[in-house]
Number of protein chains: 2
Amino acid sequence: MSPPEHKAVLYTFWRSSCAWRVRLGLQLKGIPYETKSINLLKEENRTAEYKKIQPFGAVPAFIDNIGNGNIMIESIAILEYLDETRPDKFPLLPKDPADRQAVRALTLAIAMDIQPVASMRVLKYVGQDKQDEWARHFMTVGFQAVESMLEKTAGKYAFGDSITMADLALVPQYTNGLRAGLDMSVYSILSRINNTLEQVEEFKAAHPTSQPDYPADV
Amino acid sequence: MSPPEHKAVLYTFWRSSCAWRVRLGLQLKGIPYETKSINLLKEENRTAEYKKIQPFGAVPAFIDNIGNGNIMIESIAILEYLDETRPDKFPLLPKDPADRQAVRALTLAIAMDIQPVASMRVLKYVGQDKQDEWARHFMTVGFQAVESMLEKTAGKYAFGDSITMADLALVPQYTNGLRAGLDMSVYSILSRINNTLEQVEEFKAAHPTSQPDYPADV
């Protein structure tokens, strides 16, 4: 097979935790991609043009450099796709079905039960005077639950001693917790795993501060 | 292989849309199960005992009648597991990776971007005076986006002409929309698919009104 003529494309924003998950998947799978920055703070995601790409007006959206060239959305569905199309390099799920279930449950506990409820669009609707309390409430409930799940599953990482999809959800949400002003050190397993992962090369490369659209004045 | 000695177990509540998704999976896969009803309206999900089963205090939770007997949580992760362990009967995902991505994107658009933001626990926190407006706002944004996704993917069902995981997310959320007082008929593809699926035997069996814990006085 000759190398593809074009790079994959990721519609992303440095601060988005959902885009960050996919950046991690692309780094671990070793897929080069072109960054198309959609500035959520400037509401570049609210244009009619961008909503043709991502109908919720959210990031990420992804176009692979192999296959039919369709635009893909929903971060976890993109990670599943990357794992199915590149199964050999850095598998994101274990082999046993019950283990896979446990990894997906950890992933979705973060991606369905924490992140969406305290996302930028929800906090904006809640309003400036109440959004800090809101974010802290729902993130605290969520992190407590995830920490108790990790008591049963964690090794070096969220599930055993290999990096899985759950770690790709964990790290960005941990930063969301810090941004909301939570004392994350009370979650000792989450904190240990996050700190370990922050040292991994691919995680450094996917970090918000490493992105081409990271602003100079933050 | 001799038949398993015990039935699978589902912790469920008739009104929960997340439990409904798994009931649909169990019906389509033909897996007999025992219903353990957790009444969310009576806060039976808030007990310390139940939180040992499901740390968020949510339904569903599932114990299979094959395998290691572990408690599984997160509805979509359970559906993925059911599909991986019973791949031949009523596959919930197509075979092509890009098609699988599209089905999962539809599923998660509903399960991550609509349902959690207007769930019972969030609406309770929003408060009685504001929860109707809240639910209508976020569901309207979400259904508009999903309807535009369906313009590209729908056949008889959400993705082409076979029932997929996306349909298992669609039907319960459609009912949530009706409960929130939305005029769902404005979403013509969603409505057509929902009405078609309501006639399918397995969907009738998984419906809230068919459940053993459905109250007589509703």
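Rules and cut-offs
Residues numbered from 1 in each chain as written. Chains lettered and ligands numbered in written order. Predicted model: local features only at pLDDT ≥ 70, side-chain atom pairs only at ≥ 80, totals over all residues. Heavy atoms only, no water. Helix = DSSP H or I, 4+ residues; strand = E, 2+ residues; numbered from the N terminus. Rg over C-alpha atoms; globule rule 2.2 N^0.38 Å. Buried < 20%, exposed > 50% of the residue type's maximum accessible area, 1.4 Å probe, protein only. Contact = heavy atoms within 4.5 Å. Areas by Shrake-Rupley, 256 points an atom, 1.4 Å probe, with all protein chains shown as cover. Lys, Arg positive; Asp, Glu negative; His and termini not counted. Charge placed at Lys NZ, Arg CZ, Asp CG, Glu CD. Salt bridge = Lys/Arg side-chain N within 4 Å of Asp/Glu carboxyl O. Polar contact = N/O pair within 3.5 Å; in protein donor to acceptor, adjacent residues only side chain to side chain. Pairing = 2+ DSSP bridges. Axes fitted to C-alpha atoms, helices over the stretch in contact; angles between N-to-C directions. UniProt positions renumbered as here; feature names shortened; annotations may be inferred. Core = buried A, V, L, I, M, F, W, Y, C linked by side-chain atoms within 4.5 Å. Domains from an automatic or database assignment. Buried area = accessible area lost by both parts, 1.4 Å probe.

Points about the overall build of chain A
Then, number 1: Of regular secondary structure, chain A possesses nine helices and four strands.
Then, number 2: Taking 17 Å as the expected radius of gyration for a compact globule of 218 residues, we find that chain A reaches 17 Å, a close match to that expectation.
Then, number 3: Projected onto its principal axes, the C-alpha coordinates of chain A cover approximately 50 × 45 × 30 Å.
Then, number 4: When each of the 218 residues of chain A is scored for burial, the buried share is 58%.
Then, number 5: Put simply, 66% of the contacts in chain A that link residues at least 6 apart link residues at least 24 apart.
Then, number 6: Accessible area for chain A stands at about 9,400 Å²; split by element, carbon and sulfur atoms hold 50% of it.
Then, number 7: When the 24 basic and 27 acidic side-chain charges of chain A are each reduced to a single mean position, those positions are 3 Å apart.

Topic: the side chain of D213 of chain B
Residues and elements named next belong to chain B.
Then, number 1: Relative to the helices and strands, D213 is located in the segment after α9 (201–206).
Then, number 2: One buried charge, D213, has no salt-bridge partner; the nearest side chain with opposite charge is R23, at 5.9 Å.
Then, number 3: Of the polar contacts made by the side chain of D213, one reaches the backbone nitrogen of W14; its length is 3.1 Å.
Then, number 4: Not counting residues up to four positions away in its chain, the partners in contact with D213 are T12, F13, W14 and S37.

Some remarks on the sheet that holds strand β3 (residues 61–63) of chain A
Residues and elements named next belong to chain A.
Then, number 1: Strand order in the open sheet formed by four strands is β2-β1-β3-β4, with mixed pairing between adjacent strands. Only two strands of the sheet have a single neighbouring strand rather than two, namely β2 (33–37) and β4 (71–73). Each strand of the sheet is rotated relative to its neighbour by a mean of 25°, with strand direction disregarded.
Then, number 2: Examined bridge by bridge, strand β1 (residues 8–12) and β3 share three bridges and lie antiparallel to one another. Following the sheet pairing, Y11 is matched in β3 by A61.
Then, number 3: Contacting β3 and β4, helix α3 (residues 75–85) runs over the sheet at an angle of about 120° to β4.

Things to note about the UniProt feature "domain: GST C-terminal" (unreviewed entry) in chain A
Then, number 1: Here, UniProt's "domain: GST C-terminal" (unreviewed entry) annotation points to residues 96–216 of chain A.
Then, number 2: As a span, residues 96–216 of chain A carries 64% helix and 0% strand, and end to end its C-alpha atoms are 45 Å apart.

Thoughts on α3 of chain A
An α-helix turns once per 3.6 residues; consequently, residues spaced three or four apart project the same way.
Then, number 1: Counting buried positions along α3 of chain A gives nine out of 11 residues, so the element sits mostly inside the fold.
Then, number 2: For α3 of chain A, the set of buried residues is S75, I76, A77, I78, L79, E80, Y81, L82 and D83 of chain A.

Some points on the nonpolar core
Then, number 1: The biggest cluster of nonpolar side chains holds 158 residues, and the ones touching the most others in it are W134 of chain A together with W134 of chain B.
Then, number 2: In this structure, W134 of chain B is in contact with V122, Y125, V126 and W134 of chain A together with V117, A118, V122, L123 and V126 of chain B, ignoring residues within four places of it in sequence.

Remarks on the domain arrangement of chain A
Residue and element names in this part refer to chain A.
Then, number 1: Here the domain parsing of chain A yields domain 1 (10–90) and domain 2 (97–202).
Then, number 2: Each of domain 1 and domain 2 has a C-alpha centre, and these two points are 20 Å apart.
Then, number 3: Contacts between the two partners involve 17 residues from domain 1 and, on the opposite side, 19 residues from domain 2.
Then, number 4: Both sides together, the interface formed by domain 1 and domain 2 hides about 1,800 Å², and carbon and sulfur atoms give 67% of it.
Then, number 5: Summed over the shared surface of domain 1 and domain 2, the result is two salt bridges.

Observations regarding the sheet that holds strand β2 (residues 33–37) of chain B
Residues and elements named next belong to chain B.
Then, number 1: A sheet is described by the order of its strands in space; here four strands give the open sequence β2-β1-β3-β4, paired in mixed fashion. The open sheet terminates on both sides in strands that have one partner only, identified here as β2 and β4 (71–73). Each strand of the sheet is rotated relative to its neighbour by a mean of 25°, with strand direction disregarded.
Then, number 2: This element, helix α1 (residues 17–29), spans β1 (8–12), β2 and β3 (61–63) of the sheet and lies at about 155° to β1.
Then, number 3: Its contacts with the sheet put helix α3 (residues 75–85) on β3 and β4, and the angle it makes with β4 is roughly 120°.

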